[in-house]
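The primary structure of each chain is shown beneath.
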Amino acid sequence: MHSKAIEININQLLITAFCCYAFAMPFELLLEIYFNIKTIFKPFRICSIVIIGLYLIQVVKQGLLIDTRHRVDLIFYGVFFYGLLISCVKMISDLFDMSLFINDTFQFGLHVATFFIFKNTPISTKKRLLILKCFIAGICINAFYIFSLFTYYQRGRHSGFTDNPNYAALGIVVAIVYFFLKSIHTKHQSTQIGYLLAAVFLVGVSSFTGSRTGFIMLLFAGLFLFLFSSIRQKLILAILGCFLAIGVVPQLDGTTFKGATLLSKRLNRTIGGEEDVRLVVWRGVFKTLEQEGYEGMGIGQFKAKFPKYFNAEPNELIVAMVAYGYHLSPHNDYLAILADYGLPSLLLYILFLAILLMKLFQEVIRGAEVHEEKMLAQFSFIVFLCIILFGMASENFQHQLYWFLLMFTTKRFYD
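1. Some thoughts on the overall build of the chain
Argument step 1. On a plain count of helices and strands, the chain comes out with 19 helices and two strands.
Argument step 2. Sequence separation of 24 or more characterises 76% of the internal contacts of the chain that already satisfy a separation of 6 or more.
Argument step 3. Carbon and sulfur atoms form 66% of the exposed surface of the chain, whose accessible area is close to 20,400 Å².

2. What about empty space enclosed by the protein?
Argument step 1. What the rule picks out here adds up to eight cavities of 30 Å³ or more.
Argument step 2. Considered as a void within the structure, the largest cavity measures approximately 90 Å³ in volume.
Argument step 3. Taken together, D104, I299, K303, D333, A336, I337, D340, Y341, E395, F397 and Q398 form the lining of the largest cavity.
Argument step 4. With five residues, the single largest contributor to the lining of the largest cavity is helix α16 (residues 333-341).
Argument step 5. Residue composition of the lining of the largest cavity, grouped by class: five nonpolar, one polar and five charged.
Argument step 6. Roughly 70 Å³ of internal volume is contained in the second largest cavity.
Argument step 7. Surrounding the second largest cavity, 13 residues form its lining, P26, I139, T162, Y167 and A168 being those nearest its centre.
Argument step 8. Mapped onto the lining of the second largest cavity, the elements with two or more residues apiece are α6 (125-153) and α7 (165-184).
Argument step 9. A class-by-class count of the residues in the lining of the second largest cavity yields nine nonpolar, four polar and no charged.

3. Describing the packing of helix α17 (residues 343-366) against helix α18 (residues 371-390)
Argument step 1. It is at 9 Å that the axes of α17 and α18 come closest, and there the two elements cross at 155°. On the basis of the axis angle, α17 is roughly antiparallel to α18. When you trace α17 past α18, the crossing you get is left-handed. Residues L353, L356, L357, L360, F361, E363 and V364 of α17 form the contact with α18, whose own contacting residues are A377, Q378, S380, F381, F384, L385 and I388.

4. A closer look at helix α8 (residues 189-208)
Argument step 1. Between its first and last C-alpha atoms α8 spans 30 Å; for 20 residues at 1.5 Å apiece the expected length is 28 Å, and the two agree.
Argument step 2. For α8, the complete set of buried residues consists of Q192, Y195, L196, A199, L202, V205, S206, S207 and F208.
Argument step 3. Just downstream of α8, G210 is the residue with a positive phi angle, here 65°.

5. As for the pattern of salt bridges
Argument step 1. Within the structure shown, the criterion is met by seven salt bridges.
Argument step 2. Notably, a salt bridge pairs D104 with K303, separated by 3.0 Å at the nearest N-O pair. Of the two residues, D104 is situated in helix α5 (residues 98-119) and K303 in helix α13 (residues 301-304); the sequence distance between them amounts to 199 residues.
Argument step 3. When the shortest N-O distance is used, the salt bridge between E292 and K305 registers 3.1 Å. Remark: K305 occurs in the loop between α13 and α14 (306-310) and E292 occurs in helix α12 (residues 277-292); sequence separation between them is 13 residues. Of the two residues examined, E292 and K305, each falls in the buried class.

6. Remarks on the environment of V50
Argument step 1. Within the secondary structure layout, V50 lies in helix α3 (residues 43-62).
Argument step 2. The class of V50 is partly exposed, set by a relative accessible area of 41%.
Argument step 3. A sequence separation of 36 residues divides V50 from L14, and the C-alpha atoms of the two residues are 8.6 Å apart.

7. Here we look at the layout of surface pockets
Think of a ball as big as a water molecule: rolled over the atoms, this probe shows where empty space is left.
Argument step 1. The volume enclosed by the second largest pocket comes to roughly 590 Å³.
Argument step 2. Surrounding the second largest pocket, 23 residues form its lining, R128, E363, R366, R412 and F413 being those nearest its centre.
Argument step 3. Elements represented by at least two residues in the lining of the second largest pocket include exactly α6, α17, α18 and α19 (400-410).
Argument step 4. When residues in the lining of the second largest pocket are grouped by element, the largest group, six residues, is from α17.
Argument step 5. Of the residues in the lining of the second largest pocket, the class split is seven nonpolar, seven polar and nine charged.

8. Some words on the packing of aromatic side chains
Argument step 1. Taken as a whole, this structure holds 44 aromatic pairs when the rule is applied.
Argument step 2. With a centroid separation of 6.2 Å and 90° between ring planes, the pair formed by Y55 and F116 is classed as edge-to-face. Taken together, the positions of Y55 in helix α3 and F116 in helix α5 put the pair 61 residues apart, joining distant regions of the chain.
Argument step 3. Directly above the ring of F408 sits R128, whose terminal nitrogen or CZ lies 5.1 Å from the centroid.
Argument step 4. Its end group placed over the ring of F118, K411 keeps NZ or CZ at 5.8 Å from the ring centre.

9. Here's the deal with unusual backbone geometry
Argument step 1. Notably, N36 is not glycine yet its phi reads approximately 55°, a positive angle.
Argument step 2. Along the chain, the position of N36 falls in the loop between α2 (30-35) and α3.
Argument step 3. Classification of N36 as exposed rests on a relative accessible area of 63%.
Argument step 4. Phi at H331 takes a positive value of approximately 55°, unusual for a residue other than glycine.
Argument step 5. Note on placement: H331 falls in the loop between α15 (316-323) and α16.

10. With respect to the confidence of the model for the chain
Argument step 1. In this model, the chain carries an average pLDDT of 85, and 88% of its residues clear a pLDDT of 70 or more.
Argument step 2. Within the model, the stretch residues 250-260 combines pLDDT values under 50 with 17 contacts to residues more than four positions away or in other chains.

11. Observations concerning the packing of α16 against α17
Argument step 1. Between α16 and α17, the shortest axis-to-axis distance is 7 Å and the interhelical angle comes to 145°. Where α16 approaches α17, its residues D333, Y334, I337, L338 and Y341 are matched on the opposing element by L343, S345, L346, Y349 and L353.
Argument step 2. For the contact of α16 with α17, the residue count by class is eight nonpolar, one polar and one charged.

Reading guide: rules and limits
Residues numbered from 1 in each chain as written. Predicted model: local features only at pLDDT ≥ 70, side-chain atom pairs only at ≥ 80, totals over all residues. Heavy atoms only, no water. Helix = DSSP H or I, 4+ residues; strand = E, 2+ residues; numbered from the N terminus. Contact = heavy atoms within 4.5 Å. Areas by Shrake-Rupley, 256 points an atom, 1.4 Å probe, with all protein chains shown as cover. 1 Å grid on protein atoms, 1.4 Å probe; cavity = no way out; pocket = protein on both sides within 12 Å on 5 of 7 lines; lining within 4 Å. Points joined across faces, edges and corners; volume = space filled by probe spheres on them. Nonpolar A, V, L, I, M, F, W, Y, C, P; charged D, E, K, R; others polar. Axes fitted to C-alpha atoms, helices over the stretch in contact; angles between N-to-C directions. Parallel < 35°, antiparallel > 145°, perpendicular 65-115°, else oblique. Left-handed = near helix turned anticlockwise from the far one by under 90°. Expected span 1.5 Å × (residues − 1). Buried < 20%, exposed > 50% of the residue type's maximum accessible area, 1.4 Å probe, protein only. Salt bridge = Lys/Arg side-chain N within 4 Å of Asp/Glu carboxyl O. Phe/Tyr/Trp six-rings, centres within 6.5 Å; stacked < 30°, edge-to-face > 60°. Lys NZ or Arg CZ within 6 Å of the ring centre and 35° of its normal. pLDDT = per-residue confidence, 0-100.

Quick look at the structure:
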């Protein structure tokens, strides 16, 4: 009797797990909404744990394989290494909230591990497209759910299964970029129309999130899509831009602004002079650092000390946060890194972004002959710029969407 050994391709299983991870991006509240299950084990975290487990099995079988083309990532890992180092120092020398430190370290630890594994897993361009399609599919399903919520409830900001409307808007903007680039690089006219209709639908859904940051990113991405498109496609973009201006941007009526959507009303308040709470927090970050120093407060410690340094702020939202002993995040990647991780980590992060932006720009300028590769190069460049821009109004180190987009756009893929 002959026995047959079952051979398991760990690399293929990893790629499948990454497809599931990409699809799960917007569904962090799925268990809570449908099954009333509140748990830290969100779908994307379960996928991350599976990915880490599969990678450890692969390391045991084949050894640790490092893709040397991603040496620039060492700068990025340095951000967290210094953050952990300064946290250890602050544990000894200052009051330190261990619960917040452990919580934040656990969350970014999962993200960093998944990021490292993705960057060091051999993935072909074909598989890269499959992972991206899984991500877009998840975003579109969530967009349809947002549309249904808006149709039923009308009022309020809607984010679907995503925890925060700003991240829902970020995912939708990325999907809009994908569909429009697909229309640019597709020759069949009927297929082009299908992609354009999908993009137009998502533009409308993005307004239901009420995200001003998402609106700015949409305009920013539209500028680069305009540059990459043909004359006929530029005309289509211009027409879509006019409809967007009519439907979303506040319209001047005498001395007041008016608009039909929640987004237009929120833009109205911004234009009308109402100070965003982000500005109050940003000023408070620098006041805090004047007392704490720029070497870094330690991971999670800005949140721990928020009531101490913001108890005199008159802003209603901040007063409520302080009264409950809670906190607001810095709402800015760069200030969040500066506060918790310190100035050395911030400089490393900016250097990391600058080097990768230059590399992605060179890939766009070089121009691939294959339409799919050219589309992916343009997609990665635009989305990476969106990540940089989004980080100016949000704190992203704890959010899975930021990590997926960062690792996808900066990975060098195999042919």
